[in-house]
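# Examination of the molecular architecture
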Number of protein chains: 2
Amino acid sequence: MTHTTLGDVARTAGVSLATASRVLNGSTTVRADLREKVMAAAEALAYRPNAHAQALARASSQVVGLICHDVSDPYFAAVARGAMRVAADHDLMVMLASTFRDPDREIAYVSTLRAQRARAILLAGSAFQDPAWERALDAELTPYQEAGGRVAVLSRHRARADAVLPDNRGGAASLARALLGLGHRDFAVLAGPPALTTVADRVRGFREALAEAGVRPAPDRVVTGDLTRDGGHAAARELLSRGPLPTCVFAVADVMAIGALTAFREAGLRVPEDVSLAGFDDIPVVADLTPPLTTVTLPLEDLGERLMTLALAPAPRRRHHRVPAEVTLRASTAPPRPA
Amino acid sequence: MTHTTLGDVARTAGVSLATASRVLNGSTTVRADLREKVMAAAEALAYRPNAHAQALARASSQVVGLICHDVSDPYFAAVARGAMRVAADHDLMVMLASTFRDPDREIAYVSTLRAQRARAILLAGSAFQDPAWERALDAELTPYQEAGGRVAVLSRHRARADAVLPDNRGGAASLARALLGLGHRDFAVLAGPPALTTVADRVRGFREALAEAGVRPAPDRVVTGDLTRDGGHAAARELLSRGPLPTCVFAVADVMAIGALTAFREAGLRVPEDVSLAGFDDIPVVADLTPPLTTVTLPLEDLGERLMTLALAPAPRRRHHRVPAEVTLRASTAPPRPA
DNA sequence: CTGAAAGCGCTTACAG
DNA sequence: CTGAAAGCGCTTACAG
């Protein structure tokens, strides 16, 4: 890679490196004729300053890192969109990484982003409830932060960092109450990997609210699957194989609910006539499903915007932005059919 | 940002910069005891080499740029996923940019990626059919390529670069033939911005195949909208307002078809009983819609993988990977109701 | 206002 | 095998 350098520009403009640098950085203290020459030379040579050299000389970079579990998951796609919008407003580039829910890979990416001297590192994926992982993550984050790096996390993490905290537990509880309100007493839960804080919080909130009403789903009515469309599909099939269907099914994420919806249809079951179905997140497409999905609405793009904004505006102490999660009732849930 | 430096490591290990560098780069020519000391020091200091300094010294960087129109569009999300997977295999980080279909922003991002000395720049978004834009893009791409940068584009571009070319025109033609085969003669098209090559190619292929059968949709049956869910929703409403519905509607992208499907349902129309509907792309969710959507299948993740692979494996001359597009018939299309 | 020079944090011939 | 030194492409006090 032999790109044009500042030296080339200075030479063809007949000025010193310093002057060329000043012009290109918008300093106003340069004589007009020299400025012209430098601009012309840069233009003629299609010059672009080497961002690495600038980062080194200025000891600051124009990149920010965003780590998520999977960009192609609509939840993260929406969060990334919001975060990238804010980054663009600040003339920052974002390095995006997908861990595919591999804890080790998450840590490796943080390390890489640290090497890149990213201005900030955003952890958009749910944390893993695993002390060893937390320690390893901390071992990367701490030196990064001590060196001036900024960290912001989405959802509950143990990391000492600014955080955007969607009310997963409260949202799930509200949903449970709404479903109880429709008359349901017989529930199943399609859960994701319990090691993920987000999953744990949602399951917990849902169970707690049911318990308040004296309702407890049987253990075999809580099915674990991948936090994906296919995971939801498989979990729903597993549920069907375990015996009589409950009147209402809660999938801890919309992507799982989508898979479940199709599994139910394939089994000849109608939603909500035969079984009510609810999800969580309110990713864009669920309102276009048939029936439109009842879910817990999170302002996804907004979450991403806040996350980036938090990371970019240093504060004396840690900040926690709690974000309410609201139940959105749609046609996929209805009162249970009288037995 | 004052991170630990190689100098710190060398000092605490009691060796020279060169030796420390060698150990950390895996050189085998370093005495075992010194190697140990260096490793220990690096570990103790939580040292991470400065990627900018490395890029400068080695004249090569570990990043590759990916420019798309909108990460939160499932089409790009899937393409990005594939591209990122390949990047991860090569230990490369990807800088992701969304242009939101703003031609100027696209060029600005190419320029920024050039400044980052990205190893490769991938243009995943459809090109704009606009000579001024093409010139401006070329003005960025040419110096980048001359300096050794690699460029790969997805879908038809005029740029002199490696290309992955989904058969948009052929796929749309095949779809048209399949729909004619069902008995349809009365079509509408929900089209995106005609300045996009992808849109132009799909509309053209569809029209050509209809023409071969002596069928021509009336001009007011071709409605233009944004290439989004909302754009499809609006276009479908506009179509409805223009008079009697055709028997079959082709949306040039699945995201538009999703919006159209909901618009039809809101209007009390049943798909496919009252109107058949088909899309293009086969983004993951369309198989879970009710009815599942007939569409033209593109191997989206694969597209992204190929794009990245192409960019990473330099070749003596330009390569064009043509990717077939296959019709996938699902329940959203059916023979027209006898009049 | 302008330029020579030092420095950012690495890598890598080149000596020894 | 190891180290001193030059160099990567910039920026920015410091002189003048």
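Since the model is a prediction, treat every value here as computed from it, not as a measurement.

This part covers the overall build of chain A. Across its full length, chain A carries 12 helices and 12 strands. Its C-alpha atoms give chain A a radius of gyration of 25 Å, more than 25% over the compact-globule value 20 Å for 339 residues. Expressed as a percentage of its 339 residues, the buried residues of chain A come to 55%. Looking at chain A as shown, the accessible area adds up to about 13700 Å², and 52% of this sits on carbon and sulfur atoms. Mean positive and mean negative side-chain charge positions of chain A (39 and 37 charges, respectively) differ by 5 Å.

Quick look at the sheet that holds strand 9 (residues 276–278) of chain B now. All names here are of chain B. Taken in spatial order, the 4 strands line up as 7-6-8-9 in an open sheet, and their pairing is parallel. Across the chains shown, the open sheet's two edge strands, defined by having one partner strand only, are strand 7 (222–224) and strand 9. Sheet twist, expressed as the average angle between the axes of neighbouring strands with direction ignored, equals 15°. Where strand 6 (residues 187–191) and strand 7 come together, 3 bridges link them in parallel fashion. Bridging from a neighbouring strand, V189 pairs with V222 of strand 7. Its contacts with the sheet put helix 8 (residues 168–181) on strand 6, strand 8 (248–251) and strand 9, and the angle it makes with strand 8 is roughly 165°. On the sheet, helix 11 (residues 254–266) packs against strand 6, strand 8 and strand 9 and is oriented at approximately 160° with respect to strand 9.

Here we take up the domain arrangement of chain A. Residues and elements named next belong to chain A. If you check the domain split of chain A, you get domain 1 (6–49), domain 2 (62–166 + 301–323) and domain 3 (168–298). Each of domain 2 and domain 3 has a C-alpha centre, and these two points are 28 Å apart. For the domain 2 and domain 3 pair, buried surface summed over both sides reaches about 1200 Å², with 57% attributable to carbon and sulfur atoms. Applying the counting criterion to the domain 2 and domain 3 interface returns 1 salt bridge. The shortest N-O distance in the salt bridge between R156 and D201 comes to 2.7 Å. Counting the contacts that link domain 2 with domain 3 gives 8 residue pairs in polar contact (both at pLDDT 80 or more). A class-by-class count of the residues in the side of domain 2 that touches domain 3 yields 6 nonpolar, 4 polar and 3 charged.

Assignment of secondary structure puts H184(A) in the loop between helix 8 (168–181) and strand 6 (187–191). Within polar-contact distance, the side chain of H184(A) engages the side chain of T247(A) at 2.6 Å.

Here T5(B) is to be found in the segment before helix 1 (6–13). Along the sequence, T5(B) and F250(B) sit 245 residues apart, while their C-alpha atoms lie 59 Å from each other.

With that out of the way, let us pick up the nonpolar core. Grouped together as the largest cluster of nonpolar side chains are 209 residues, with contacts concentrated most on L122(A), L190(A), F206(A), L122(B), L190(B) and F206(B). Sequence-distant contacts of F206(B), that is, excluding residues within four places in its chain, are made with A172(B), A173(B), L175(B), A176(B), L179(B), F187(B), V189(B) and F250(B).

This part is about the sheet that holds strand 2 (residues 93–98) of chain A. Remark on secondary structure: sheet strands pair via backbone hydrogen bonds, oriented parallel or antiparallel. Strand order in the open sheet formed by 12 strands is 11(A)-5(A)-4(A)-3(A)-1(A)-2(A)-2(B)-1(B)-3(B)-4(B)-5(B)-11(B), with mixed pairing between adjacent strands. The open sheet has two free edges, formed respectively by strand 11 (320–323) of chain A together with strand 11 (320–323) of chain B, since each of these has just one partner strand. On average, adjacent strands in this sheet sit at an angle of 20° to one another, irrespective of strand direction. The pairing of strand 1 (residues 63–68) of chain B with strand 2 (residues 93–98) of chain B spans 6 bridges and is classified as parallel. Among the inter-strand pairings, I67(B) is bridged to a residue of strand 2 of chain B, identified as A97(B).

Within the structure, DNA strand D sits among 25 residues, and L6(A), S21(A), T19(B), R22(B) and L34(B) are positioned closest to it. The sugar-phosphate backbone supplies 69% of the atoms of DNA strand D found within 4 Å of the protein. Between DNA strand D and L6(A) there is a distance of 2.5 Å, counted from a phosphate oxygen to a backbone nitrogen or oxygen. Between T29(B) and DNA strand D, the recorded distance is 3.2 Å, taken from a backbone N or O atom to a sugar or linking oxygen. Sort the elements by how many residues they give to the surface near DNA strand D and helix 4 (residues 51–58) of chain A lands first, with 5 residues. Looking at the surface near DNA strand D residue by residue, the class counts come to 12 nonpolar, 9 polar and 4 charged.

So, about unusual backbone geometry. Here the bond from V271(A) into P272(A) is cis, since omega is 10°, no more than 30 degrees from zero. Turning to its location among the elements, P272(A) is positioned in the loop between helix 11 (254–266) and strand 9 (276–278). In this structure, the amide linkage connecting T290(B) to the following residue, P291(B), adopts the cis form with an omega of -5°. Turning to its location among the elements, P291(B) is positioned in the loop between strand 9 and strand 10 (295–297). In this model, D282(A) sits at a positive phi of 60°, which is unusual for a non-glycine residue.

Turning our attention to the packing of helix 2 (residues 17–24) of chain B against helix 3 (residues 32–44) of chain B. Residue and element names in this part refer to chain B. Taken N-terminus to C-terminus, the directions of helix 2 and helix 3 make an angle of 80°; their axes are 9 Å apart at the nearest point. Put simply, helix 2 runs roughly perpendicular to helix 3. Where helix 2 approaches helix 3, its residues T19, A20, V23 and L24 are matched on the opposing element by L34, R35, V38, M39 and A42. Tallied by class, residues from the contact of helix 2 with helix 3 come to 7 nonpolar, 1 polar and 1 charged.

In this section: the pattern of salt bridges. Residue and element names in this part refer to chain B. Tallied over the entire structure, the rule returns 48 salt bridges over all chains. For E305, the salt bridge identified is with R85, shortest N-O distance 3.1 Å. Linking E305 in helix 12 (residues 300–312) with R85 in helix 5 (residues 74–89), this pair joins segments that are 220 residues apart in sequence. Here R85 falls in the partly exposed class, since its relative accessible area comes to 33%.

A separate point is the relation of the copies chain B and chain A. Laying chain B over chain A is done by rotating through 180° and shifting 0.0 Å along the axis; what remains is an RMSD of 0.0 Å. The superposition of one copy onto the other is thereby described by a two-fold rotation axis.

Here we come to the interface of chain B and chain A. Counting residues at the interface gives 56 residues for chain B and 56 residues for chain A. Joining chain B to chain A, the criterion identifies 4 salt bridges. Among the ionic pairs, D70(B) bridges to R81(A), the shortest N-O distance being 3.0 Å. Looking at the side of chain B that touches chain A, the elements that each hand over two or more residues are helix 4 (51–58), helix 5, strand 2, helix 6 (103–115), helix 7 (131–146) and helix 11 of chain B. Tallied by class, residues from the side of chain B that touches chain A come to 32 nonpolar, 15 polar and 9 charged. Here strand 2 of chain A pairs with strand 2 of chain B via 3 bridges, running antiparallel. Bridging from a neighbouring strand, V94(A) pairs with L96(B) of strand 2 of chain B.

The rules behind these values
Residues numbered from 1 in each chain as written. Chains lettered and ligands numbered in written order. Predicted model: local features only at pLDDT ≥ 70, side-chain atom pairs only at ≥ 80, totals over all residues. Heavy atoms only, no water. Helix = DSSP H or I, 4+ residues; strand = E, 2+ residues; numbered from the N terminus. Rg over C-alpha atoms; globule rule 2.2 N^0.38 Å. Buried < 20%, exposed > 50% of the residue type's maximum accessible area, 1.4 Å probe, protein only. Areas by Shrake-Rupley, 256 points an atom, 1.4 Å probe, with all protein chains shown as cover. Lys, Arg positive; Asp, Glu negative; His and termini not counted. Charge placed at Lys NZ, Arg CZ, Asp CG, Glu CD. Pairing = 2+ DSSP bridges. Axes fitted to C-alpha atoms, helices over the stretch in contact; angles between N-to-C directions. Contact = heavy atoms within 4.5 Å. Domains from an automatic or database assignment. Buried area = accessible area lost by both parts, 1.4 Å probe. Salt bridge = Lys/Arg side-chain N within 4 Å of Asp/Glu carboxyl O. Polar contact = N/O pair within 3.5 Å; in protein donor to acceptor, adjacent residues only side chain to side chain. Nonpolar A, V, L, I, M, F, W, Y, C, P; charged D, E, K, R; others polar. Core = buried A, V, L, I, M, F, W, Y, C linked by side-chain atoms within 4.5 Å. Near = heavy atom within 4 Å. Parallel < 35°, antiparallel > 145°, perpendicular 65-115°, else oblique. Least-squares fit on C-alpha atoms with pLDDT ≥ 70 in both.

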